[in-house]
Every structure is written in structure tokens, then in C-alpha cells.
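Topology and contacts: notes
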Amino acid sequence: MKSILFTSILLLLIGCGSDRDQYQQEQTEEQTLRSAFEGSFLIGTILNHRQIFGQDQRGQDLAVREFNAVTAENVMKWENIHPEPGVYDFDAADTMIDIAEENGMFVVGHTLVWHSQTPDWVFYDDEGELLSREALLERMKDHIETVVGRYKGRVHGWDVVNEAIVDDGTMRDTYWYRIIGEDFLVKAFEYAHAVDPEAELYYNDYSLEIPSKREGAIRLVEYLQENDAPITGIGTQGHFMLDFPDLEEIEKTITDFAALGIDVMVTELDIDVLPPAFDYMGADVSASAEMREELNPYPDALPDSVQQQLTDRYRDIFEIYLRHSDDITRVTFWGVTDGDSWKNNWPVSGRTNYPLIFDRNWEPKPAYHAIIELAEEHR
Ligand code: XIL
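The paragraphs below set out a description of the structure included in this document. Bear in mind the structure is a predicted one, so any value in this text is a computation, not a measurement.

1. Details of the overall build of the chain
Along the chain, the regular secondary structure elements total 14 helices and 9 strands. Since a compact globule built from 379 residues should have a radius of gyration of about 21 Å, the 21 Å found for the chain is in line with a globular shape. Taken along the three principal axes of its C-alpha coordinates, the chain extends 70 × 55 × 40 Å. Buried residues in the chain amount to 54% of all 379 residues.

Structure below.
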């Protein structure tokens, strides 16, 4: 990416006067996140089903104009792409990747091996018995070979394993771990690498800003490296709140993982502005809480004071990201606009949240302008 930037700057410098003027003018008129963050890191978003198929064409248009990396919010998860034994449904993923290619976007595959949004049949045989280690490894291999194989050279990076550890840093008790053991991760990375040796391969998780979980993830990456698993990067999801986690922990998360010699990415950034429904601060998709009126204080509009807090928070966080742009290869938002965000329905269904940088009318929010300004200063 940096070499592309270097070449474009060179071309700009040596280009003849009038062409250059015109190009620079277009650049200013067409200012986007893509142009502002060029040379720092990729700036990405997700596409949901409605955006992929054009039912939300405005969302799709906004995504391809502003961002240069894309992840599927749900359509590449096991339950969608491989809903039944031997049955694959590639339609939505194919369509998303076509859109990405038409618009010169980096494509992230999310996600190969996870405990959530994976059907139960994956772990059982025809008699309803839990699979053996060998049989589950075989099933994992078949899935990875089929999905990674189909998109070889078109998906540039894969979230190979998602969310394998818990807050205290120990392994999460999932079918993958229980049946196969800790080396399910080593195997998953090996299988993916064998099919597409060019693809970047990531471990992805949330709450890595919590020291005990971060330390567990560091041990996990070291274990993968010691066992020659072809991991190239770590995805820190970045499901944040206005006052959690501390900026120091956000920064330390980046520097600690960069010290392991792998790429660091922020893969699912959003900032929840609503009151927490419970003490839990993570992003476990199975967590849920009942709606209570006090949990939904801004059903009509975000008060200016909270908008300001959100802008300041985004500015503080992006200051850190830009300071470490040599270690960070991508920052991806988990949603195009506030209206699409999973945070309207998680962990409480039916709330009105404002966690992103575009509002429900597809318009940029003050936080958008704040981070563009920072990126421009950084260039
Ligand atoms: C979420 C999606 O945004 C929702 O639409 C879906 O109902 C549940 O999953 N960590 C992840 C993402 O890795 O895949 C999750 O996405 C959010 C938490």
C-alpha cells in the first residue's frame, strides 16, 4: 500500500502542470476517508445483506465512496455460507466481492472458525453423537478449503479464528476447543495457508484492552508462532464505550501486539453511547438484557453534549491510531451508518444507538470531520 502511495506521489510530482493541478483539485473536491487516510492505513467498513443486494443502495454507495476495505457483517459466517452439511450458499459473498473489486477495495473474510453463528450440526455426527477430534478436524478442513479456495486471490485477509479466549485470558470453552484441543487454532491457520498462501491470516477478538485478556491473547499468538502457525496479524475488534476502555489500554494493546512482529488491525470499531445494560463490557453476541426505558435515553436524537463526547472520543482514539500507523494496517468500522449498527439490538433489542461516524440519513457526523482533520494533519 505504501509503495502505491509513493508511486502516486512521484507521479504527481513529475506530472505536467495542468494535469497535476486538475488531479489535486479533484482530490480536494472529492475528500473522503479513503483519501484522507491514504498512506496511514486502510480504512474499512462492513456491508450487510441489504447493502450488498442494493435494497439499501445509499448505504452501499456511501461505503464504496468512503472506504477502501470491506468485511461482510454476516454473510460469510458459517451459518450463512455453509448452512447445512454439503450445502454452501455463496450468492451474497460473491456479490459483495464483485462490489469490492469494482471499487478497488481490500476484502476481509469474516470468519472461518468461531463458536457463534455456527450451526450445531457442525459438531455432531448422523447419530447425534459429538464428533471425534479427527472427524471435526476433517469438517473444519473441508469448510476452509471450500470457502478459502473459492475466493483465493480475491479475499485478501481472513479472520481465521474468532474469539477463542475469555476475559481472564484462558481458552474459551467451545466445541472447537473441547473436541480438538488448543491446536484447533494451529490447524485452522495451516489449512487456510495451504489453500491460499498469499492471503493474510488473522486471529480476531474483542476486549483485548482488558489486561488479563490481552495477556492471554499474547500467549496465544506466541503459542501459534512457536508452532509455526502462519498467523500474519491480530484483529482487535474495538467495540468501545464513551468511557471504556482507557486510552492507555487502547494504546498498549496496539504496541504489545506490534511487538510480537505481526500486523495490528482494528476490525470492528464502534463506540456505544448508551447506558450499559449490565456490568459486562465485552461483545459476546450471546449476551442479552431486557429493554428498560432508562436504557434508551435518546430515541429521537442525540443531545449535542453527547455528540460532542462522541466526537472527542473518536478524536482521542484516532490520535492513537495515527501515532501508531506504522504498526496498524487497517481500521474497520462495524457498520456504515448508525441506523445499520448491531448496537441498536445488542445487548438490548430495539434501542436507538449512535456508535458510528455517519448518521441515519447517511450524513457525516462531527466525528467524521474530526478524524478527517486529524488524518490530514498526519499526512
Ligand atoms: C454481529 C453482527 O453485527 C450482527 O448482525 C449479528 O446478529 C451478530 O454478530 N463480534 C464479531 C461480529 O466478530 O461478527 C459480530 O457481528 C459482533 C461481535
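2. Notes on helix H14 (residues 366–378)
If you check H14, its first and last C-alpha atoms are 19 Å apart, about what 13 residues at 1.5 Å a residue would give, namely 18 Å. Residues of H14 that are buried: Ala367, Tyr368, Ala370, Ile371, Ile372, Leu374 and Ala375. Against the buried residues of H14 lie helix H3 (33–36), helix H5 (57–66), helix H13 (304–323) and strand S9 (328–333).

3. Here we look at the site of the ligand
Close contacts around the ligand come from 15 residues, with Glu73, Lys77, His110, Glu268 and Trp334 the closest. Between the ligand and the protein, one listed contact pairs an oxygen atom with a side-chain N or O atom of histidine 110 at 2.7 Å. Contacts to the ligand include glutamate 163, whose side-chain N or O atom sits 3.2 Å from a nitrogen atom. Contact with the protein chains removes 84% of the 410 Å² of surface that the ligand exposes when unbound.

4. As for empty space enclosed by the protein
Applying the stated criterion across every chain yields a total of 4 cavities of 30 Å³ or more. Here the largest cavity defines a volume of roughly 120 Å³. Forming the boundary of the largest cavity are 15 residues, of which Met241, Asp272, Tyr280, Trp346 and Pro347 lie nearest the centre. When residues of the lining of the largest cavity are assigned to their parent elements, the largest contribution, 3 residues, is made by strand S7 (residues 239–241). In terms of residue class, the lining of the largest cavity is built from 10 nonpolar, 2 polar and 3 charged. As for the second largest cavity, its lining consists of Tyr206, Ser207, Glu209, Ile210, Gly238, His239, Phe240, Phe244, Pro245, Met281, Gly282 and Ala283. Of the residues assigned to the lining of the second largest cavity, the class counts are 7 nonpolar, 4 polar and 1 charged.

5. What about the packing of helix H11 (residues 211–226) against helix H12 (residues 247–258)?
Running from N to C, H11 and H12 point in directions that differ by 10°, and their axes come no closer than 11 Å. Of the possible angle classes, the one that applies to H11 and H12 is roughly parallel. Facing H11, whose interface residues are Pro211, Arg214, Ala217 and Ile218, H12 presents Glu249, Lys252, Thr253, Asp256 and Phe257. Of the residues that constitute the contact of H11 with H12, the class distribution is 4 nonpolar, 1 polar and 4 charged.

6. Some remarks on the environment of valine 221
Along the polypeptide, valine 221 turns up in helix H11. Classification of valine 221 as buried rests on a relative accessible area of 0%. Taking C-alpha positions, valine 221 is 20 Å from valine 331, a pair spaced 110 residues apart along the chain. Here valine 221 is in contact with Ile231, Ile234, Leu260 and Ile262, once residues within four sequence places are set aside.

7. Details of the environment of alanine 36
Here alanine 36 is to be found in helix H3. Judged by its relative accessible area of 0%, alanine 36 is buried. Separated by 341 residues in sequence, alanine 36 and glutamate 377 have C-alpha atoms that sit 9.4 Å apart. Each residue touching alanine 36, except ones within four places of it in the same chain, is listed here: Ile372, Ala375, Glu376 and Arg379.

8. Re a negative patch on the surface
On the surface, a cluster of negative charge is contributed by Asp316, Glu319, Glu373 and Glu377. Among the secondary structure elements, those contributing two or more residues to the negative patch are H13 and H14. Tracing the backbone through its elements, the reader meets glutamate 373 in helix H14. Overall, glutamate 373 belongs to the partly exposed group, its relative accessible area being 49%.

9. So, the pattern of salt bridges
One pass over the full model with this rule turns up 19 salt bridges. With a shortest N-O distance of 3.7 Å, glutamate 134 and arginine 133 are connected by a salt bridge. Residue classification places glutamate 134 among the exposed positions, given a relative accessible area of 53%. Here arginine 133 falls in the partly exposed class, since its relative accessible area comes to 28%.

10. Here we look at the pairing of strand S5 (residues 200–205)
Where burial is concerned, most of S5 is hidden: 5 out of the 6 residues are buried. Inspection of the sheet shows strand S4 (residues 157–162) paired to S5 by 5 bridges, in the parallel sense. Among the inter-strand pairings, valine 161 is bridged to a residue of S5, identified as tyrosine 203. Note that S5 and strand S6 (residues 233–236) share 4 bridges and pair parallel. Its bridge partner being in S6, asparagine 204 is matched across the sheet by glycine 235.

Cut-off values and rules
Residues numbered from 1 in each chain as written. Predicted model: local features only at pLDDT ≥ 70, side-chain atom pairs only at ≥ 80, totals over all residues. Heavy atoms only, no water. Helix = DSSP H or I, 4+ residues; strand = E, 2+ residues; numbered from the N terminus. Rg over C-alpha atoms; globule rule 2.2 N^0.38 Å. Buried < 20%, exposed > 50% of the residue type's maximum accessible area, 1.4 Å probe, protein only. Expected span 1.5 Å × (residues − 1). Contact = heavy atoms within 4.5 Å. Near = heavy atom within 4 Å. Polar contact = N/O pair within 3.5 Å; in protein donor to acceptor, adjacent residues only side chain to side chain. Areas by Shrake-Rupley, 256 points an atom, 1.4 Å probe, with all protein chains shown as cover. 1 Å grid on protein atoms, 1.4 Å probe; cavity = no way out; pocket = protein on both sides within 12 Å on 5 of 7 lines; lining within 4 Å. Points joined across faces, edges and corners; volume = space filled by probe spheres on them. Nonpolar A, V, L, I, M, F, W, Y, C, P; charged D, E, K, R; others polar. Axes fitted to C-alpha atoms, helices over the stretch in contact; angles between N-to-C directions. Parallel < 35°, antiparallel > 145°, perpendicular 65-115°, else oblique. Patch = residues over 30% accessible without salt bridge, like charges linked within 9 Å, V, L, I, M, F, W, Y side chains within 5 Å. Salt bridge = Lys/Arg side-chain N within 4 Å of Asp/Glu carboxyl O. Lys, Arg positive; Asp, Glu negative; His and termini not counted. Charge placed at Lys NZ, Arg CZ, Asp CG, Glu CD. Pairing = 2+ DSSP bridges.

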